Amino acid sequence: MKVSRASYSLITTSLFLLLLGLLFTSFELIAVSIFPLLILLFPNVPFSIKIFHSSVDGGKHVGEAFEVTIVANVKGFGIIKAMHELPEHFELVNGKNAIVKFLIGSSNIEIRYKAIPTKRGKYRLDRLIFECENAFLTSKTKKEINLDLELEVKHRIQKIVKIETIRGIARTPHPEIDISTIGVPGTDFREIREYVAGDPVKLINWKATARTNKVMVNQYEVEGKKAIWIFLDANKYMLHGSTIKNFFEAAIEAANSICYYFTTRNYKVGFYVVGYGYLIYPDSGRRQFKKISSDLMRIEVAERVEALNSAVERCKKYLMLYKPMSIFITRVEHSKPLMASIKASRMAKKKLPVTVLALKMLNGGDGQDEDEFTLKIIDSLRLSTLSRLRVAGIDVVEWDIERRLSETLMRVLR
Amino acid sequence: MKYKILGMVLAVILAEIAAFLTLQTYLTSPFAILIQYPIYYLIFIIPIVLMVMGRNPYGLSFFAILISFSFGRVLANSEVFYSFLDALYFFKFYDLSDYLYSMFSPYKTQDINHFLTLTWLFVVSQLLWNACLKAESLDEDGFEARDTLIFQIVAISLISFAIYVVYPHILELVKTTHQIPMLFAGLIGVVLFLISAYLLIKQ
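The next subject is the overall build of chain B. If you tally the helices and strands in chain B, you get nine helices and zero strands. Helices and strands appear in chain B in the N-to-C order α-α-α-α-α-α-α-α-α. The 203 residues of chain B split such that 44% are buried. Of the contacts formed within chain B by residues at least 6 apart in sequence, a portion of 77% connects residues at least 24 apart. Within the structure as shown, chain B displays about 11200 Å² of accessible surface, and the carbon and sulfur contribution to it stands at 72%.

Quick look at the structure:
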């Protein structure tokens, strides 16, 4: 039980008078010492709340404002304070999420404000807290109302518009007509080939078999295009920067947009979160995007550190099977992705394409107490890693996370 | 800052009223001959000095000063004080003992009104001061606290005044209808003391 400041002064006064009264056997002082206690014992009138309306409009994406409106009727007597609790990653932009009013009898309270979510996630905005203090500020009662308000905040997907008319030699080609080498056979005929163990009997071409005197089978084009494998670095060093803009949030935003781009074009997209050891099997289509996107909403920076090299090792069998183009989204100065990139590119006889999306923040991040010297060292480390990657033939794209993602993604996906 | 200044102004007004009432009582008390004019006018200056210093003008220390100025009446009704005079008499200070007795004995009337008024003014001042500090913190948090404070000041003044008016009558009623034995009153005092001490330790 915490004694309020007003109660403290009343108790002190009463105690002072009582002690003097007892010391000098004074009836007046003892009688008067009860007076502050009578004020202290003044009751806090119980209050009742009725919610008329509560709604949330907008705020589906990070950085997009949403408006909350709550109307309630409160009955009671005293100072009423109503507060709609917001998660820590929300920023108020207009109005207040709390209100104070002196209540006599019944009164309507309206909380209306606008806020911006600064981080992806699924948030419950259900806590409406009421606090009623009596006029003397000696006692306080608290009530909590649960509202049916929820907000799902996603990263805005950066749309990449390719300029089709420009012709040239792409460094990392992944044209939209690329067909996967494995997968479910479709109806498009490709060729007739010799039977190998394991081919289904229904695919045997009896006429060709009779003609050549060897068992021949029809081969059909498989459904789906080539595969993409994304390695998202969720190690501790990614949590650098402000709560609004940090490497990890930027990496998730980039991963989300890349997934959207490829899954909507029927590429198979596999996903691995480095640090968590969390793997999503390759698949294509909107369902796969939704799965990856909803998983990205929940992911936070990992407690343990996992090297990119061991991440590639864990995904080895899928990389060998699907032969995908690998994309590493990381801070190269910390993760040193050279070995991992080379390993990923050598998962097939023909060298597989690998792209490293290297995140950088030129000013070191808001609120970080790094001096200029430290920033220079980090920058030189990053540049040296990048040059070694380029020498090894790995495609590298740098992204200053303070700048727009779409411009960078055009370079990743060219 | 505006609400804190309002709190100080209200506290100064209440402190000056209390000081005026104390002076009236003091001039008719046995102490009047001990401390002469103009020393006792200091009690009017203290609240203003405290306000200039940015402190609560009607704090517990100033309340204690006002009580000490009114202490002649307490001593006049105090058994402990008369025991002390008896002790002086026993140790052969006959003149001093007689002089003090003749000085205090004419004021032997039990009247709580003066102390009750002082306490009421002090308690109201404390409550208003706290209300103003609360309004100040609400204002700093960006809330519109003006209307709340106005209602609060009115509520504090009216409710505490109602208790102030009713309390002596209740006390009188209790005294006349129920003769509370001194032992029982002492027990209540000790219990109140223990509860208060416990609450203060919690703070």
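Having seen the model, we can carry on.
To continue, consider the interface of chain A and chain B. Taken residue by residue, the interface counts 48 residues in chain A and 52 residues in chain B. The largest per-residue losses of area from chain A upon contact with chain B belong to Phe-27, Glu-28 and Phe-35 of chain A, which jointly make up 15% of the total buried on that side. Linking chain A with chain B are one salt bridge. Across the pair Lys-134 of chain B and Glu-133 of chain A runs a salt bridge whose closest N-O atoms are separated by 2.6 Å. Our count for the contact surface shared by chain A and chain B stands at six residue pairs in polar contact (both at pLDDT 80 or more). When residues of the side of chain A that touches chain B are traced back to their parent elements, those giving at least two are α1 (5-23), α2 (27-40), β2 (66-84) and β4 (98-117) of chain A. With 15 residues, α1 of chain A is the single largest residue contributor to the side of chain A that touches chain B. A per-class count over the side of chain A that touches chain B returns 35 nonpolar, six polar and seven charged.

Residue and element names in this part refer to chain A. The six strands lie next to each other as β13-β12-β11-β14-β15-β16, forming an open sheet whose pairing is mixed. For this open sheet the edge positions go to β13 (278-283) and β16 (395-400), each flanked by a neighbour on one side alone. If you compare each strand with its neighbour and ignore which way they point, the axes differ by 15° on average. Where strand β15 (residues 354-360) and β16 come together, six bridges link them in parallel fashion. Note that in β16 the partner of Ala-358 across the bridge is Glu-398. With respect to the sheet, helix α4 (residues 247-263) is in contact with β11 (227-233), β12 (268-274), β14 (325-330), β15 and β16, its orientation differing from that of β11 by roughly 170°.

Residues and elements named next belong to chain A. Summarising the element assignment, Arg-331 is placed in the loop between β14 and α8 (332-335). Residue classification places Arg-331 among the buried residues on the basis of a relative accessible area of 4%. The spacing of Arg-331 and Lys-360 is 29 residues in sequence and 7.0 Å in space, taken between C-alpha atoms. Discounting residues that sit within four places of it in the chain, Arg-331 has contacts with Asp-233, Tyr-237, Met-238, His-240, Phe-247 and Leu-359.

Now for the side chain of Gln-288 of chain A. Residues and elements named next belong to chain A. In this fold, Gln-288 is placed in helix α5 (residues 286-298). With a relative accessible area of 5%, Gln-288 lands in the buried category. Within the local environment of Gln-288, its side chain forms a polar contact with the backbone oxygen of Val-269, the two atoms lying 2.7 Å apart. Within the structure, Gln-288 has its side chain in polar contact with the backbone oxygen of Tyr-281 (distance 3.0 Å). With near-sequence residues (within four places) excluded, Gln-288 lies in contact with Thr-263, Val-269, Ile-280, Tyr-281, Pro-282 and Asp-283.

What follows deals with the pattern of salt bridges. All names here are of chain A. On inspection of all chains with the given rule, the structure shows 20 salt bridges over all chains. A salt bridge links Arg-298 to Asp-295; the nearest nitrogen and oxygen atoms lie 2.5 Å apart. On the criterion of helical spacing, the pair formed by Arg-298 and Asp-295 is a turn pair, its members being three residues apart in helix α5. Accessibility expressed as a relative area gives 60% for Arg-298, which makes it exposed.

Formed by 75 residues in total, the largest nonpolar core has its most connected members in Phe-35 of chain A together with Tyr-58 and Phe-104 of chain B. For this core, the element with the highest residue contribution is helix α7 (residues 113-140) of chain B, accounting for 14 residues. When near neighbours in sequence (up to four residues on either side) are disregarded, Tyr-58 of chain B contacts Ala-11, Leu-14, Ala-15, Ala-18, Phe-63, Leu-66, Leu-118, Leu-121, Phe-122, Ser-125 and Gln-126 of chain B. Core analysis: the next-biggest nonpolar cluster, separate from the first, contains 39 residues, Ile-228, Phe-247, Ile-327 and Leu-409 of chain A among them.

Moving on: α4 of chain A. Residue and element names in this part refer to chain A. When the terminal C-alpha atoms of α4 are compared, their 24 Å separation across 17 residues agrees well with the 24 Å that a helix rising 1.5 Å per residue should span. Counted residue by residue, α4 has 17 buried out of 17 residues, so it is predominantly covered. Where α4 starts, the residue carrying a side-chain oxygen 3.1 Å from the main-chain nitrogen of Phe-248 turns out to be Asn-246.

With that settled, consider the pairing of β13 of chain A. Note on strand geometry: in a regular strand, side chains alternate between the two faces of the sheet. Residues and elements named next belong to chain A. Pairing geometry for β12 and β13, over four bridges, is antiparallel. When the bridges of β13 are listed, Phe-271 appears paired with Ile-280. From the end of β12 to the start of β13, which pair antiparallel, there are three residues, and Gly-275 there has a positive phi angle of about 115°.

Let's shift gears to the pairing of β2 of chain A. Residues and elements named next belong to chain A. Among the 19 residues in β2, 14 count as buried, and that is most of the element. As defined by bridge partners, strand β1 (residues 48-58) adjoins β2 across ten bridges and the pair is classed as antiparallel. Among the inter-strand pairings, Asp-57 is bridged to a residue of β2, identified as Glu-67. In this structure, β2 lies alongside β4, joined through 18 bridges in antiparallel fashion. By the bridge assignment for β4, Lys-75 is matched with Ser-106. Sheet analysis places β2 next to strand β6 (residues 127-133), joined by six bridges and oriented antiparallel.

Each pair of packed helices gets described by two things: the angle between the helix axes and the distance between those axes. All names here are of chain B. Put simply, helix α3 (residues 60-69) and α7 touch, their axes get as near as 11 Å, and they point 170° apart. When the axes of α3 and α7 are compared, the pair comes out roughly antiparallel. Mapping the contact onto sequence places Leu-60, Phe-63, Leu-66 and Ile-67 in α3 and Phe-115, Leu-118, Thr-119 and Phe-122 in α7. A class-by-class count of the residues in the contact of α3 with α7 yields seven nonpolar, one polar and no charged.

A separate point is the confidence of the model for chain A. Averaged over every residue, the pLDDT of chain A is 83; the share at 70 or more is 88%. Looking across chain A, the model is least confident in helix α11 (residues 405-412) of chain A, with a mean pLDDT of 73, and most confident in β14 of chain A, with 92.

Residues and elements named next belong to chain A. Looking at the element boundaries, Glu-249 is found in helix α4. Owing to a relative accessible area of 4%, Glu-249 belongs among the buried residues under this scheme. In this structure, Glu-249 is in contact with Lys-119, Arg-120 and His-155, ignoring residues within four places of it in sequence.

In this section: the environment of Leu-389 of chain A. Residues and elements named next belong to chain A. Turning to its location among the elements, Leu-389 is positioned in helix α10 (residues 372-391). Judged by its relative accessible area of 0%, Leu-389 falls in the buried class. A C-alpha to C-alpha distance of 9.2 Å links Leu-389 and Met-339, two positions 50 residues apart in sequence. Those residues within four positions of Leu-389 in sequence are excluded, and the remaining contacts are Val-332, Pro-337, Leu-338, Ser-341, Val-356, Ile-394 and Val-396.

Rules behind the numbers
- Residues numbered from 1 in each chain as written.
- Chains lettered and ligands numbered in written order.
- Predicted model: local features only at pLDDT ≥ 70, side-chain atom pairs only at ≥ 80, totals over all residues.
- Heavy atoms only, no water.
- Helix = DSSP H or I, 4+ residues; strand = E, 2+ residues; numbered from the N terminus.
- Buried < 20%, exposed > 50% of the residue type's maximum accessible area, 1.4 Å probe, protein only.
- Contact = heavy atoms within 4.5 Å.
- Areas by Shrake-Rupley, 256 points an atom, 1.4 Å probe, with all protein chains shown as cover.
- Buried area = accessible area lost by both parts, 1.4 Å probe.
- Salt bridge = Lys/Arg side-chain N within 4 Å of Asp/Glu carboxyl O.
- Polar contact = N/O pair within 3.5 Å; in protein donor to acceptor, adjacent residues only side chain to side chain.
- Nonpolar A, V, L, I, M, F, W, Y, C, P; charged D, E, K, R; others polar.
- Pairing = 2+ DSSP bridges.
- Axes fitted to C-alpha atoms, helices over the stretch in contact; angles between N-to-C directions.
- Core = buried A, V, L, I, M, F, W, Y, C linked by side-chain atoms within 4.5 Å.
- Expected span 1.5 Å × (residues − 1).
- Parallel < 35°, antiparallel > 145°, perpendicular 65-115°, else oblique.
- pLDDT = per-residue confidence, 0-100.

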